[in-house]
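# Structural features, examined
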Amino acid sequence: MEASGAAAVARRSLWGLRGRHRTLPQGQRQDTSKGQDKKNTAALTESEEKQQSFNNPTVLQNEVHCSITVEAKGVDIINIKEIDDIGYTQQESMVLNTVPADQDVKKPNGLYLQDGKRRVDYVLVYQFKKANRKGLSSRQQSTATSSQQDQTEPPLQPSEFPDDDRRMRREEFEVNLLESGLELESDEENDLSCESSPVMKRVNSSESMQQDLNGDPQLTKAYGFGFVKIHAPWHVLCREAEFLKIKMPTKKVYEVKQKTGILLKLSNVVHKMTSPLRPKVDEQSDAAFKHLSYPFSREKKHLFDLSDKDNFFSSTTRSTIVYEILKRTTCTKAKYSMGITSLIASGVYTAAYPLHDGHYVGDSAEQNDRKLLYKEWASYGIFYKFQPLDLIRKYFGEKIAFYFAWLGVYTQLLIPASTVGVIVFLYGCATVDDNIPSMEMCDESANITMCPLCDKTCNYWKLSSTCATARASHLFDNPATVFYSIFMALWAAMFMEHWKRCQMRLISKWDLSGFEEDEERLKDHPRPEYEARVLSKVLKQELQKKEEKSSEPVEEQPNKWKNRVWSAMAGVKLTEKEKLTWRDRTPAYITNFVAVLFMIGLTFAIVFGVIMYRISIAAAMAVSPDPYARSNVRAIVTATAVIINLVVILILDEVYGSIARWLTVIEIPKTDKSFEEKLIFKAFLLKFVNAYTSIFYVAFFKGRFAGRPGKYTYIFRHMRMEECAPGGCLMELCIQLSIIMLGKQLIQNNLFEIGIPKLKKLIRYIKAKREAKLETENNCKAPQQYEIDYNLEPFAGLTPEYMEMIIQFGFVTLFVASFPLAPLFALLNNVIEIRLDAKKFTTELRRPNATKAKDIGIWYNILRGIGKLAVIINAFVISFTSGFIPRLVFMYLYSPDGTLHGFTNNTLSYFNVSHFEPGSEPLDPMAIGYKVEICRYKDYREPPWSSQPYDLSKEFWSVLAARLAFIIIFQNLVMFMSDFVDWMIPDIPKEISDHMSKEKSLLVDLFLKEEQTKLHIVEALSSQEKERKEEDIDEILKENDAEPVENCTGDTDASQSKLNNAGPEVI
């Protein structure tokens, strides 16, 4: 126990020495007993060091070392005093062999460790204090002044020296990683300040220290960046793969069922026709044979092909294994930190990421998956090709591959939707000249005088002045629109069913069947933030109990941190039993509820402000001396208001995304899955309200509560509510929808995704270039891959990518009755979006952690909800916003000849201008050239000469009844058809279900044969052993018969001994 304790203390002290390059593989630890001679240890030859490492598994040494004396080398000696509050005790000065600058081993672009053989599976980045005074690092300064410090100096405190606190936490964490079997190599020489590259080499520590002690000033930076490169050896990969139940291909190969007959011929024809659309990568779909997959097990290694151990586990699998180890490795010093996520959040590390495979451009770059993805996927010139989903899954993992697969299916199915939408639009263009209502509105001979649009300043106007708006409205408001709404509702149902079938094909193809149990088991692991909160709750309860037991004040113990660590370890066990109750979460729930309501209210307030803008600008332009402005009031006001809405939506989208994440963080969900779902729900709710509030207002509220001439509805007593145009609000809704949709796609989805990463990269480059002036130019070196990847933008998750597509799906389906061209613009955007996202993932972002998934998660439920909501909204749009139902009612109930002749006159009511309220009549009643006595307004009301003037007429109630009846019929009919499509199309294709059943039966047969083989072997061995024992007995008996009689009695004991050794007695 004493030896192990001394070794552990030595490991901590030695790991605190961050040399220029250090390789710390598992099983190589340095014996640091007090009686050991450090100078002799430092001067060991290479063969002696290797022999010592082989004989003593606790030896810790550098694989890259130099066999020269300590005096001849500039080595760093650390003498750390005891820190009572942290629990560190003062250890003897440790010596670490470092590599001089001229003996640096050449690294293969940072993808491997110093030996050039072991692959870098993961990288941790931290910031260290590089210069405290005169260019000395914190380690050098403590070394230089350690001999001059007074022994009575008070101990250091982590609160006063946060750098030391973080360093000690890193040491413990990395020692724990070593104990878990990982191999580490640190490079603390590099920081981001090279003009030719974003990384500069630090000045040699020994030279810098010597110059500083001689009094020469050093001009160096205060902070640098260190990189810890992690390699997972074979035994660790096997252990973790078995623990995570990672499926790997076995040696067993079976034939995939192929199509026959006419299906085979059709498949061959389709394959030949689509061959130019396929990327030039190896795909699994054309393989006639497939390897049977099974969760990796060390006991069943014989099932797997282990001839190439270096490539048996892919790079994504290796990084996933390392990341799982990083997440569960704990660190309890200075603060309770559980896993790498907590350490990054507390600033102990600045980043953690797997490496990209190498460079993606240039002829000199080696062929790798990243370069292949850039060539066959991330190029805009191949926008017409399919996506290499297998290669995406291999490089980025299943979760990202499912996103791009879903985006590809969605984009492909937009082709028929956009085609039908274009046909509907062309039908409107072809029939615009034959549309009777628009022809009546354009007829100047009708001489229909309309009532003023505002009080006092607005004058009477002619209905024929809205001829252009009426004709344009027919392009989107025609009988084909109803058919298109029904078609899009069925299209949404077909899209969901088609995606489920494609998803099942991918699950079968990528061996994800049976993944649900493993996924739930892994995702149910509590988040570090949740564990820390529960732990603090437990410690607080224990402290309260101690205070209640003792009335005296609790005195601080000299080694209080040790007691707190033991309490923390006990608290970690208690987190399995202790949970956060509703009392603990009540403040967060109240904050979430109030914040969400406030954000929704803010959105409504902004929309209301835009309404005020429209009313005031319309009144101001009515008295404008410019005749063009007066004649185009509606168009100018609508366009400017929509642009203001667009700008506000873009700004609030970013704000709401940050607020949704903050609200989810303070809620402290238990698991990562719960955190993601709650974040998605809040972000979608806020962004949905933000994007569609103004559209809902125009579609369902504008003009509904404006009142009538002589009895208008006012806001703030003098601002009259705005009205729809005589042709209805559908044209204005189309303008609103098109501008917001196209603006979000062009500005937010494309320019932001391209511009913001480029801008951040430029800022980092400029900052690095400025800091490079503090370093000498001769210290620059070629950047390593882990340094290049650190300068890339961190991966922020798929939520923004899904969110923009879901909002677009809402534009395509919710209000498609008002804008049939929405699927076409969505298709054009998505063709660019796929390549834009591909380029961003390949070149602009750090490589994400490969995450397994079996579907697109909660987004599928959101899509289904939007599809159901689209049926209801389109029914209301057709009924109340468009003129389809009023035209239908007029044609069948009030038209004398069964046509639409006279429809416009039927929709306009009469008003006697003498009934205007005092002060609301126009200032210039002769503006149109004659005095007006009767003006018209759009409504179904009784004329002023009837017995009940200005009351709602029977036409109004007939139209209202028809509208409600249409909503009920349309909704139930479309819902029934959607459910029928859902029932007709099975979720799992028959060939996939047969394929899964075949795999299960093959696995059962494989293990039955294996058990039978084992049984035969055991029986054969037992029979051989039995025969051998019988032969031995026969030989012994023959030898006894051949010996003389006088020796029988003397050799009885020897014969009996041989019989006993031969085995059990055979009866």
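Residues numbered from 1 in each chain as written. Predicted model: local features only at pLDDT ≥ 70, side-chain atom pairs only at ≥ 80, totals over all residues. Heavy atoms only, no water.

### Re the overall build of the protein chain
The secondary structure content of the protein chain amounts to 34 helices and 19 strands. For the protein chain, with 1067 residues in total, the buried portion stands at 48%. Contacts in the protein chain between residues far apart in sequence, at least 24 positions, make up 82% of those at least 6 positions apart. Accessible surface, the protein chain: about 53,200 Å² in total, of which carbon and sulfur atoms supply 59%. (Helix = DSSP H or I, 4+ residues; strand = E, 2+ residues; numbered from the N terminus. Buried < 20%, exposed > 50% of the residue type's maximum accessible area, 1.4 Å probe, protein only. Contact = heavy atoms within 4.5 Å. Areas by Shrake-Rupley, 256 points an atom, 1.4 Å probe, with all protein chains shown as cover.)

### Some words on the packing of helix 14 (residues 398-430) against helix 27 (residues 799-813)
One can describe the packing of helix 14 onto helix 27 by two numbers: an axis separation of 12 Å at closest approach and a directional angle of 20°. The angle between helix 14 and helix 27 places the two elements in the roughly parallel class. Here the hand of the crossing between helix 14 and helix 27 comes out left-handed. Facing Phe402, Tyr403, Trp406, Leu407, Tyr410 and Leu414 of helix 14, the residues of helix 27 in contact are Glu801, Tyr802, Met805, Ile806, Gln808, Phe809 and Val812. A class-by-class count of the residues in the contact of helix 14 with helix 27 yields eleven nonpolar, one polar and one charged. (Axes fitted to C-alpha atoms, helices over the stretch in contact; angles between N-to-C directions. Parallel < 35°, antiparallel > 145°, perpendicular 65-115°, else oblique. Left-handed = near helix turned anticlockwise from the far one by under 90°. Nonpolar A, V, L, I, M, F, W, Y, C, P; charged D, E, K, R; others polar.)

### As for the environment of Asp433
Among the structural elements, Asp433 can be located in the loop between helix 14 and helix 15 (436-442). Expressed as a C-alpha distance, the spacing of Asp433 and His474, which sit 41 residues apart in the sequence, is 9.7 Å. Leaving out residues up to four positions away in the same chain, Asp433 has contacts with Met439 and Arg471.

### Structural notes on the pattern of salt bridges
Tallying each qualifying case throughout the model produces 35 salt bridges. The salt bridge involving Arg393 is made with Glu398; its shortest N-O contact spans 2.9 Å. Look at the salt bridges and you will find they share partners, linking Glu497, Lys500, Arg864 and Asp982 into a network. (Salt bridge = Lys/Arg side-chain N within 4 Å of Asp/Glu carboxyl O.)

### What to know about the confidence of the model for the protein chain
Per-residue confidence for the protein chain gives a mean pLDDT of 75; residues scoring 70 or more make up 74%. Across the protein chain, helix 14 holds the top mean pLDDT of 93, while strand 5 (residues 200-201) sits lowest at 35. pLDDT under 50 marks residues 1-108. Its contacts with residues more than four places away, or in other chains, come to 214 contacts. Note that pLDDT drops below 50 for residues 190-221; the model gives that stretch 97 contacts with residues more than four away or on any other chain. (pLDDT = per-residue confidence, 0-100.)

### Structural notes on the side chain of Arg720
Mapped onto the elements of the fold, Arg720 is located in strand 17 (residues 719-720). According to the relative accessible area criterion, Arg720 is buried, its value standing at 7%. Polar contacts involving the side chain of Arg720 include one to the main-chain carbonyl oxygen of Leu453, which spans 2.5 Å. Separated by 3.1 Å, the side chains of Arg720 and Asp455 make a polar contact. In contact with Arg720, other than residues within four places in its own chain, are Pro452, Leu453, Cys454, Asp455, Ile615, Tyr712, Thr713 and Tyr714. (Polar contact = N/O pair within 3.5 Å; in protein donor to acceptor, adjacent residues only side chain to side chain.)

### Some remarks on the nonpolar core
Trp406, Tyr410 and Phe815 are the most contacted members of the largest nonpolar core, which totals 122 residues. With 16 residues, helix 14 is the largest single contributor of residues to this core. Beyond its immediate stretch of four places on either side in the chain, Phe815 contacts Tyr692, Ile695, Phe696, Ala699, Phe700, Leu733, Leu737, Gly810, Ile873, Asn874 and Val877. The next biggest cluster of nonpolar side chains, apart from the first, holds 42 residues, and it includes Leu182, Ile321, Leu1002 and Leu1006. (Core = buried A, V, L, I, M, F, W, Y, C linked by side-chain atoms within 4.5 Å.)

### Brief notes about the state of the cysteines
By the definition in use, this model includes four disulfides. Across a sulfur-sulfur distance of 1.6 Å, Cys454 and Cys458 are joined as a disulfide pair. One quick way to see it: the torsion about the S-S bond of Cys454 and Cys458 is about 95°, and its sign makes the bridge right-handed. You'll find Cys454 and Cys458 in the same group, each marked buried. Note on cysteine connectivity: Cys724 is disulfide-linked to Cys729, with sulfurs 1.4 Å apart. Note on the Cys724 and Cys729 pair: the S-S dihedral is about -85°, so by sign convention the disulfide is left-handed. A relative accessible area of 21% places Cys724 in the partly exposed class. Assessed through its relative accessible area of 3%, Cys729 is described here as buried. For the protein chain, the disulfide bridges join cysteines in the arrangement 1-5, 2-8, 3-4, 6-7, where the cysteines are counted in sequence order. (Disulfide = S-S within 2.5 Å.)

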